[in-house]
Amino acid sequence: MKKSVSLVDLKGLNRNSVYNFIYRERTTSKQQIVQGLNMGLSTVSQNIRLLEEARLIERSGSFNSTGGRKADAIQIVRTARVSIGVGILLHSIYIVAIDLYGEVIDSQAFDLDYSNSDEYYYMLGQHISNFIKHGHWQKPDILGVSIATQGTISANGQAVDYGEIMNNYDMKLSNITKHIQYPCRLEHDSKAAAYLELWNNPETENAVVLLLNRNFGGSLIINKKIVKGSHMHAGAIEHLCISRDGPRCYCGNRGCLETYCSANALEAAAGTKAHDFFDKLRQRTGDASEALGVRGGGVVARVNERSDGELRDGGGGARVNERSDGELRRMEYATIWADYLDKLAYAIRNLSIIIDGSIIISGYLATYFTEDDIKTILYKVNSSPFPITREQIIVSTYGQYAPAVGAALYYVDEFKKSV
Ligand SMILES: [Zn+2]
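All values derive from a computational prediction rather than experimental measurement. (Residues numbered from 1 in each chain as written. Predicted model: local features only at pLDDT ≥ 70, side-chain atom pairs only at ≥ 80, totals over all residues.)

**Student:** Would you explain the environment of S418 in this entry?
**Tutor:** Turning to its location among the elements, S418 is positioned in helix α13 (residues 402-418). Along the chain, S418 and L13 lie 405 residues apart, while their C-alpha atoms are 9.5 Å from each other. (Helix = DSSP H or I, 4+ residues; strand = E, 2+ residues; numbered from the N terminus.)

Structure, rendered in structure tokens:
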């Protein structure tokens, strides 16, 4: 009896090895699998057949071989399964579907004010099932729904245990699963965003992740692992104190990084929305200030556009005054942005001493960073005795979708282990 169980295990292991070899290689041949895994030809053939029957792999074209018959090119079916990721914020939700390589194949954002009520969780469930319906995926193809939320998650993953921003202290996974007919899990949004960066930068050993969303979120990556800490709040660098007498943070303390470098803090300082702020800030600054990332949430900064003053049709002195107003505003925004970068660089310098690795800038504001901004940060950071290089700074391009995408990767990883 024991022997037959291990035989079943071995068969499963072989199938899993073949699938993951194809996954890693992206395109391969039967012969390459035989050589790469040092596995018998008949075992490889049998597993290829099983995986093909399950529609998990496909033959696509052929390789040019050195002689004889051309070999079939084998790939995984990257849309054989889909993972859904959801990012919950106080006033909005972001939903993504990713394929088995973690590529976003669909995304949507909705306005929905959070409240710990059955009505809210019902609406959340409705948005998710409409999104899935719209994508025409079949129920068995959905691996699960992974939900990233603000607030730290209890060690057993069943509830939020610190949820000051959204006041979601009472958010429980069971509240949500009631309205979602798929496997479901909860994750802290900044940890999810950090996981996305680990996925995209697998060579990263150690890093600090700065999630510049409406609220600041942080994570530490050490030895390729996201550090949770003894009480699940390691890496909460949003509450790193930058100035003891600074503004009051929602956590109750003063001068936290949150109060200077979150998107909310930037918008409060500028008195306008982030996209308007950068729109104005980047005017007439030429190609050198083209943002590094892809815009999140459909916001696209317009570079080289004329100022409001110039667009208005006025004559003589009035027009000059309006233009001056535009210039003054731009100068004011430049000062606010310089102060923002100064505070961020201050934090980066301190964190860099602890982590001695990559600095990953992610989230909503990351999509507005320019090469000049990175140079400014490097200039300020490099006054410390441990300089960091340009290569150590990674700017993420997922915008506000980063936590949702990172959360969705969980089910892809689980699937790869279970094939
Ligand atoms: Zn704080």
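**Student:** Would you mind showing me how to read unusual backbone geometry here?
**Tutor:** Note: most residues except glycine have negative phi, and most peptide bonds are trans. With phi around 70°, R26 is a residue other than glycine that occupies positive phi space. Relative to the assigned elements, R26 resides in the loop between α1 (2-25) and α2 (30-37). On the basis of neighbour count, R26 is assigned to the exposed category, with 11 C-beta atoms found within 10 Å. (Buried ≥ 20, exposed ≤ 12 C-beta atoms within 10 Å, placed from the backbone.)

**Student:** Can you walk me through the nonpolar core in this structure?
**Tutor:** Buried together is how nonpolar side chains tend to be arranged in soluble globular proteins. Membership of the largest hydrophobic core comes to 100 residues, with the highest contact counts inside it found for I84, V86, L212, A404 and V405. Apart from residues no more than four positions distant in its own chain, V405 is found in contact with G85, V96, I98, V104, L196 and Y398. (Core = buried A, V, L, I, M, F, W, Y, C linked by C-beta atoms within 7 Å. Contact = placed C-beta atoms within 7 Å.)

**Student:** Which parts of the structure should I look at to understand the sheet that holds strand β10 (residues 207-212)?
**Tutor:** Think of a sheet as strands paired side by side through backbone hydrogen bonds, with each pair either parallel or antiparallel. Pairing is mixed across the open sheet formed by five strands, whose spatial order is β12-β11-β10-β13-β14. The open sheet has two edge strands with one neighbour each: β12 (225-226) and β14 (393-395). Two elements, β10 and strand β11 (residues 216-222), share six bridges in a ladder whose sense is antiparallel. When the sheet's bridge partners are listed, V208 is paired in β11 with L220. (Pairing = 2+ DSSP bridges.)

**Student:** What's the story with the pairing of strand β4 (residues 92-98) in this structure? I'm lost.
**Tutor:** Remark: a regular strand shows side chains that alternate across the two faces of the sheet. The buried fraction of β4 is high, at six of seven residues. Here strand β3 (residues 82-88) runs beside β4; their pairing, made up of six bridges, is antiparallel. Its bridge partner being in β4, G85 is matched across the sheet by V96. Here β3 hands over to β4 after three residues, the two strands then running antiparallel side by side. Inspection of the sheet shows β4 paired to strand β5 (residues 104-111) by seven bridges, in the antiparallel sense. Across the sheet, I93 pairs through a bridge with F110, a residue of β5. Turn length for the β4-β5 hairpin, with the two strands adjacent in sequence and antiparallel, is five residues, and the turn residue G102 shows positive phi of about 80°.

**Student:** Looking at this model, I keep getting lost on the confidence of the model for the chain. Mind explaining?
**Tutor:** Interpretation of this model should avoid reading the predicted coordinates in detail wherever pLDDT is low. On average, residues of the chain carry a pLDDT of 86, and 87% of them reach 70 or more. For the chain, per-element mean pLDDT is lowest for helix α10 (residues 308-311), which scores 34, and highest for helix α7 (residues 258-261), which scores 97. Note that residues 285-289 has pLDDT below 50 and, in this model, seven contacts with residues that lie over four places away or in other chains. This stretch, residues 294-316, has a pLDDT under 50; its non-local contacts, to residues over four places away or in other chains, come to 42 contacts. (pLDDT = per-residue confidence, 0-100.)

**Student:** Is there a simple way to explain the sheet that holds strand β6 (residues 142-149) in this structure?
**Tutor:** Strand order in the open sheet made by the five strands is β5-β4-β3-β6-β9, with mixed pairing throughout. In this open sheet, the two edge strands, each paired with only one partner strand, are β5 and β9 (184-188). Between one strand axis and the next, the sheet turns by 20° as a mean value, whatever way the strands run. Each of β3, β4, β5 and β6 is contacted by helix α4 (residues 118-135), which is oriented at about 35° to β4, the strand it contacts most. The strands touched by α13 are β3, β4, β5, β6 and β9; relative to β6, the strand with the most contacts, the crossing angle is about 145°. (Axes fitted to C-alpha atoms, helices over the stretch in contact; angles between N-to-C directions.)

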